[in-house]
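Remarks on the overall topology
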Amino acid sequence: MGGKIVDYQMIAQGACEKIEEAVNQFCVEGKPSECRRYGSGHINDTFLLCTTDGEPGGEGHRYILQRMNTLVFKDPKGLMQNISGVTAFLREQVAKAGGDVQREVLTLVKTKGGEDYYVDSSGLCWRMYLFITDAAGFDTVESEEDFYRSAEAFGHFQKLLDQYPVSSLTETIPDFHNTPKRYETFCRAVEEDACGRARDVGSEIAFVTDRKEQMSIVMDKLNSGEIPWRVTHNDTKLNNILLDNRTKRAVCVIDLDTVMPGTAVFDFGDSIRFGANTAEEDEKDLSRVSLSLPLYEAYIKGFLEGCGGSLTDEEVRLLPWGAKLMTLECGMRFLTDYLEGDKYFKVHRPGHNLDRARTQFALVADMERKWDEMNRLAEQMILKETL
Ligand code: ADP
Ligand code: GN1
Ligand code: MG
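Residues numbered from 1 in each chain as written. Chains lettered and ligands numbered in written order. Predicted model: local features only at pLDDT ≥ 70, side-chain atom pairs only at ≥ 80, totals over all residues. Heavy atoms only, no water.

Some points on the overall build of the protein
Within the protein, the regular secondary structure consists of twelve helices and ten strands. Against the globule reference of 21 Å for 387 residues, the protein gives a C-alpha radius of gyration of 21 Å, in line with a compact fold. Each of the 387 residues in the protein was classed as buried or not, and the buried ones make up 53%. For the protein, the share of sequence-separated contacts (at least 6 apart) that also reach a separation of at least 24 residues comes to 73%. Counting 46 positive and 64 negative side-chain charges, the protein places the averaged centre of each group 2 Å from the other. (Helix = DSSP H or I, 4+ residues; strand = E, 2+ residues; numbered from the N terminus. Rg over C-alpha atoms; globule rule 2.2 N^0.38 Å. Buried < 20%, exposed > 50% of the residue type's maximum accessible area, 1.4 Å probe, protein only. Contact = heavy atoms within 4.5 Å. Lys, Arg positive; Asp, Glu negative; His and termini not counted. Charge placed at Lys NZ, Arg CZ, Asp CG, Glu CD.)

Dropping the structure here:
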């Protein structure tokens, strides 16, 4: 494969000189013809690789190539063992249910040496998946029905992993959704103020510190055993699920880097944070940010349906807290990253992380206004299930 074939002009800035070396290591079918950046994830570098099969009119093949973010994921070997184990487990379940194993679960493409990932000559880690065809991820909800279906799929994912051997999982990011610990990290970032940015964000900092007492509400319930630890996805935003282009049914849950022990309450909450917001995650006009109660209600119904009755009443009762704490935590993480100099999340403009943080806080404030209704809708589901 040469530079003439791969479209390097489509590859924006940085860290990609090794892309050709990486592509050559994987067992792809056909001849690589194009490779360009793909998707809107904040963590990994994702590329779409196309190959041609040399036949006139032939369609070729497509793959997703990812440079894993090893600043975020410090144990790529453990992470890839998780993904290999979880995808094999899910594949069996999909096959048993008579589903399409090429589309309903991620398929890792092996390296020529038979490995699940490749470490290039400069130490960067690469992996490849089969491209899931005729499906797409969305950054905003287009209809209540689509959101309901994504909820069902994330709930179902949760239910399928009920039987997964927890002890075989590596914790890919320790304390990922430990909200009180995230709060401590935030306070340290404010104190250190590495970039001299804290003085301009006093009201955002106060918004977080005013809610200090709430940070441990879900973690305390987990630690006391009032709600169970489960194998969860932990990054359940809408663009981490692919919907079928034609039927809009959920096809596949992707982005499995953070599958590890956690709580279903937070899987629910993170989906609400992203999908039931009437504005985008980085909207600058905060008057557009609000919680859509119809979307929130649709998601509760879909999620519980997908979980197939596996959640306890206490978990259902905590769903509003899941939504609020995931939004507060995420805002706190964006603000921490802003204060530390934008080292964790990919940013595409100056102040991007601050815009994202402000959006999250505006959403938390709206949840507080709608708190009684959020709780009523959760309680209503418990009543329905006991009838
Ligand atoms: P990140 O951790 O950076 O969010 P993801 O694993 O979510 O990375 O991938 C980024 C995007 O690439 C996804 O939102 C999705 O649009 C697309 N994508 C990832 N894997 C596949 C796949 N196997 N088939 C089709 N699209 C994919
Ligand atoms: C990141 O990888 P991506 O873009 O799906 C982040 C999530 C945040 C999210 C905010 C490993 O998700 O925790 O909620 O951005 N993933 C990681 O959009 O930190
Ligand atoms: Mg993603």
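Some thoughts on the domain arrangement of the protein
One can read the domain layout of the protein as domain 1 (13-133) and domain 2 (144-386). Spacing between the C-alpha centres of domain 1 and domain 2 amounts to 27 Å. Facing the 26 residues of domain 1 at the interface are 28 residues of domain 2. Looking at the side of domain 1 facing domain 2, the largest losses of area belong to His 42, Asn 82 and Phe 89, adding up to 28% of the total buried there. Summed over the shared surface of domain 1 and domain 2, the result is three salt bridges. For Asp 244, the salt bridge is made with Arg 103, and the minimal N-O distance between the two is 3.0 Å. Where domain 1 touches domain 2, the interface holds nine residue pairs in polar contact (both at pLDDT 80 or more). Ranked by the residues each element gives to the side of domain 1 that touches domain 2, the list is headed by helix H2 (residues 76-96), at ten residues. (Domains from an automatic or database assignment. Buried area = accessible area lost by both parts, 1.4 Å probe. Salt bridge = Lys/Arg side-chain N within 4 Å of Asp/Glu carboxyl O. Polar contact = N/O pair within 3.5 Å; in protein donor to acceptor, adjacent residues only side chain to side chain.)

Side note on the site of ligand 2
Surrounding ligand 2, one finds 17 residues, the nearest of these being His 42, Lys 237, Glu 281, Arg 333 and Tyr 344. Between ligand 2 and Lys 237 there is a distance of 2.6 Å, counted from an oxygen atom to a side-chain nitrogen or oxygen. At 2.5 Å, a side-chain N or O of Glu 281 approaches an oxygen atom of ligand 2. When ligand 2 is considered free in solution it has 440 Å² of accessible area, and contact with the protein chains removes 98% of it. With three residues, the single largest contributor to the shell around ligand 2 is helix H10 (residues 319-340). Partitioning the shell around ligand 2 into residue classes produces seven nonpolar, four polar and six charged. The residues that make up the shell around ligand 2 include at least three from each of domain 1 (13-133) and domain 2 (144-386). (Near = heavy atom within 4 Å. Areas by Shrake-Rupley, 256 points an atom, 1.4 Å probe, with all protein chains shown as cover. Nonpolar A, V, L, I, M, F, W, Y, C, P; charged D, E, K, R; others polar.)

Observations regarding the environment of Ile 227
Topologically, Ile 227 is positioned in the loop between helix H6 (217-223) and strand S7 (230-232). Put simply, Ile 227 and Thr 263 are 36 residues apart on the chain and 8.0 Å apart in space, counted from C-alpha to C-alpha. Setting aside its immediate chain neighbours within four residues, Ile 227 contacts Val 218, Lys 221, Leu 222, Thr 263, Val 265, Glu 314, Glu 315 and Leu 318.

What to know about the packing of aromatic side chains
If you walk through the whole model with that rule in mind, you get 13 aromatic pairs. Judged by centre distance (4.9 Å) and plane angle (70°), the rings of Trp 321 and Trp 371 are edge-to-face. Placement of the pair is Trp 321 in helix H10 and Trp 371 in helix H12 (residues 371-386), with a sequence separation of 50 residues. Residues Trp 321 and Trp 371 agree in their burial class; the two are buried. Aromatic rings pair up to connect Phe 147, Phe 268, Tyr 296, Tyr 299 and Phe 303 into one cluster. Against the face of Phe 207 rests Arg 211, its NZ or CZ located 3.6 Å from the ring centre. Between the NZ or CZ atom of Lys 324 and the centre of the ring of Trp 371, over which it lies, the distance is 5.5 Å. (Phe/Tyr/Trp six-rings, centres within 6.5 Å; stacked < 30°, edge-to-face > 60°. Lys NZ or Arg CZ within 6 Å of the ring centre and 35° of its normal.)

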